[in-house]
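Read off the chains here:
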Amino acid sequence: MLTVNGNSRYLVPAPAVGSILGGAELAALGEVVRSGESLSQGRWREAFEQAMREHVGSRYAMTVTSGTVAVALAVHLLDLAPGDEVIVTPQTFKATADPLLAHDVTVRFCDVEPDTLNVDVDSFESLITPRTRALILVHYGGRPARMDEIMRVARRHGVRVIEDCAHALGALYRGRRPGVLGDIGCFSFHSSKNITTLGEGGMLTFDDPEWAERLDRIRSNAADGVLIPSPLSAGPYEHSEPWMMWAGDSYEKECLRIRHPGSNATLSEAGAAVGLVQLERLGELAGRRRWIAGRLARTLAEVPQVRLADVPEDVLHPYHLFTFFVRPGQGVSRDEVIHALADAGVQVQVRYFPLHLRPEWRGRGHRLGECPVTERLWFHEQVTLPCYPSMTDGQVEHLVLALKSALTGRRDTGERGTSSYEEARA
């Protein structure tokens, strides 16, 4: 890490923006502004949703304001009752599980596979009880979980599956896209993700028409209620004019109960327009990530002190995150590797702290030892390296050299020679 005028700056920082924005995105924004059309619920949102339906292969794709909101609304659509149980992965960002804090349900954290950090199928099945209603999983780092096996278990026990696809845009699993592998897919277009809708944004994908109707009401400031036809006439509003907003249909239904009060959760037209352009560029952006990941994987393959999961031929990995594991007792510890990389100017973020050990979940009775594989990997083995499309070739080579040095102690200059600060930022 360099210090310039008293400020610390990494040669290879963790990404602030996980995508690349340029002239095409600016042109799309200009078109939105010059159109004079509504900046909400217009043709750009419709076009972006249509493009996502075609990309994912789902019947419905509906935008919302963030990936967190997407997961929260997916949970709502499950109609959970007090005493129900939900199984969740602990190796993910907290937004995957935190919406369950608003529900009177029992949460069981499912341990992960030691190579992929995705939910372990056997652990998942062992946690199922007669009260289990759903599994919420993440495709960690973008690598799809073993969805065929997971769905066989889920269907056998009548369990719904929510896919957190925040990392997985651009992935393939046996010829299919995440987002249609379970019952509901939830995507994030946050600034750090594989594509962005101007910093925030989300999407839900699914095939159920009832869910589509309910979700469209909720995100558009209408209550999600259990409604029946009203026996009353329109009364004084029988001949209401169109400008008398909501007057004409106010007596058409009776509400038996409210499931959700509704919210303004619609993605802006500007965000949707940028998202549409970004989705068209996904192949280019994901291709750059895969190239960087390949360079890192070849480097790590030469180092016996680490292990790296193989990617099966029937999986296309978009590498939202690049993760490897330091083997304990092989001469170098995980923490020593991280400190050495930081000293070389590489910013490492170990993602993610086990959710069951966070205060909000400890407050619900979760404890150390609940997910031993997750805990061992996070505290002792796991390393997440920078891997994003705006990394320059110089930064990639600097990362490779720093990685070799951190793991082996050798100052190998490699193909490019010792990387200077300017080379790394070229």
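Residues numbered from 1 in each chain as written. Predicted model: local features only at pLDDT ≥ 70, side-chain atom pairs only at ≥ 80, totals over all residues. Heavy atoms only, no water.

### Focus: the side chain of Asp84
In step 1: Within the secondary structure, Asp84 is located in the loop between helix H3 (67-77) and strand S4 (85-88).
In step 2: Look at Asp84 and you get buried, because its relative accessible area is 4%.
In step 3: In terms of polar contacts, Asp84 uses its side chain to reach the backbone amide nitrogen of Ala81, at 2.7 Å.
In step 4: A distance of 2.9 Å separates the side chain of Asp84 from the side chain of Arg131, its partner in a polar contact.
In step 5: When near neighbours in sequence (up to four residues on either side) are disregarded, Asp84 contacts Val105, Thr106, Arg131 and Arg133. (Helix = DSSP H or I, 4+ residues; strand = E, 2+ residues; numbered from the N terminus. Buried < 20%, exposed > 50% of the residue type's maximum accessible area, 1.4 Å probe, protein only. Polar contact = N/O pair within 3.5 Å; in protein donor to acceptor, adjacent residues only side chain to side chain. Contact = heavy atoms within 4.5 Å.)

### Focus: the UniProt feature "active site" (unreviewed entry) in the protein chain
In step 1: In this numbering, the UniProt entry assigns the feature "active site" (unreviewed entry) to Lys193.
In step 2: Looking at where Lys193 falls in the secondary structure, it is placed in the loop between strand S9 (184-188) and strand S10 (202-206).
In step 3: Judged by its relative accessible area of 12%, Lys193 is buried.
In step 4: When neighbours within four sequence positions are excluded, Lys193 is seen to be in contact with Gly18, Ser19, Ala166, His167, Ser188, Arg289 and His320. (UniProt positions renumbered as here; feature names shortened; annotations may be inferred.)

### Describing the sheet that holds strand S16 (residues 382-385)
In step 1: Taken in spatial order, the three strands make up an open sheet running S13-S15-S16, and their pairing is antiparallel. Every other strand in the sheet has two partners, leaving strand S13 (306-307) and S16 as the edge strands with one partner each.
In step 2: In the sheet, S13 pairs with strand S15 (residues 322-326) via two bridges, with the strands oriented antiparallel. The partner of Arg307 across the bridge, within S15, is Phe325.
In step 3: Helix H9 (residues 334-343) contacts S15 and S16 of the sheet and is inclined by roughly 20° relative to S16. (Pairing = 2+ DSSP bridges. Axes fitted to C-alpha atoms, helices over the stretch in contact; angles between N-to-C directions.)

### Observations regarding the pattern of salt bridges
In step 1: Going through the model one piece at a time under the given rule, you end up with 29 salt bridges.
In step 2: Salt-bridge contacts for Arg214 lead to Asp79; the nearest nitrogen and oxygen are separated by 2.9 Å. With a gap of 135 residues between them, Arg214 in helix H6 (residues 209-219) and Asp79 in the loop between H3 and S4 connect regions that are remote in the sequence.
In step 3: Taking the relative accessible area as the measure of exposure, Arg214 reaches 1% and is therefore buried.
In step 4: What makes Asp79 partly exposed here is its relative accessible area of 41%.
In step 5: Arg376 is the salt-bridge partner of Glu381, the closest N and O atoms lying 3.0 Å from each other. (Salt bridge = Lys/Arg side-chain N within 4 Å of Asp/Glu carboxyl O.)

### With respect to the packing of helix H2 (residues 43-56) against helix H7 (residues 269-280)
Two quantities define a packed helix pair, namely the angle between the axes and the distance from one axis to the other.
In step 1: One way to put it is that H2 packs onto H7 with a least axis distance of 8 Å and a crossing angle of 35°. At the point where H2 passes H7, the crossing takes the left-handed sense. Where H2 approaches H7, its residues Arg43, Trp44, Arg45, Ala47, Phe48, Ala51, Met52 and His55 are matched on the opposing element by Glu269, Ala272, Ala273, Gly275, Leu276 and Leu279.
In step 2: Here the residues of the contact of H2 with H7 are counted per class, giving nine nonpolar, two polar and three charged. (Left-handed = near helix turned anticlockwise from the far one by under 90°. Nonpolar A, V, L, I, M, F, W, Y, C, P; charged D, E, K, R; others polar.)

### Points about the nonpolar core
The nonpolar side chains of a soluble globular protein tend to be buried, and buried together.
In step 1: Within the largest apolar cluster, 32 residues are counted, with the highest numbers of intra-cluster contacts made by Val86, Val88, Leu100, Leu204 and Phe206.
In step 2: Contributions of two or more residues to this core are made by strand S3 (60-64), H3, S4, strand S5 (106-109), strand S6 (132-138), S9, S10 and H6.
In step 3: Counting contributing residues, this core receives three or more from each of domain 1 (23-221 + 263-270) and domain 3 (282-408).
In step 4: Among all residues touching Leu100, those that are not within four sequence positions of it are Val75, Leu80, Val86, Val88, Val105, Val107, Ile136, Trp361 and Arg364. (Core = buried A, V, L, I, M, F, W, Y, C linked by side-chain atoms within 4.5 Å. Domains from an automatic or database assignment.)

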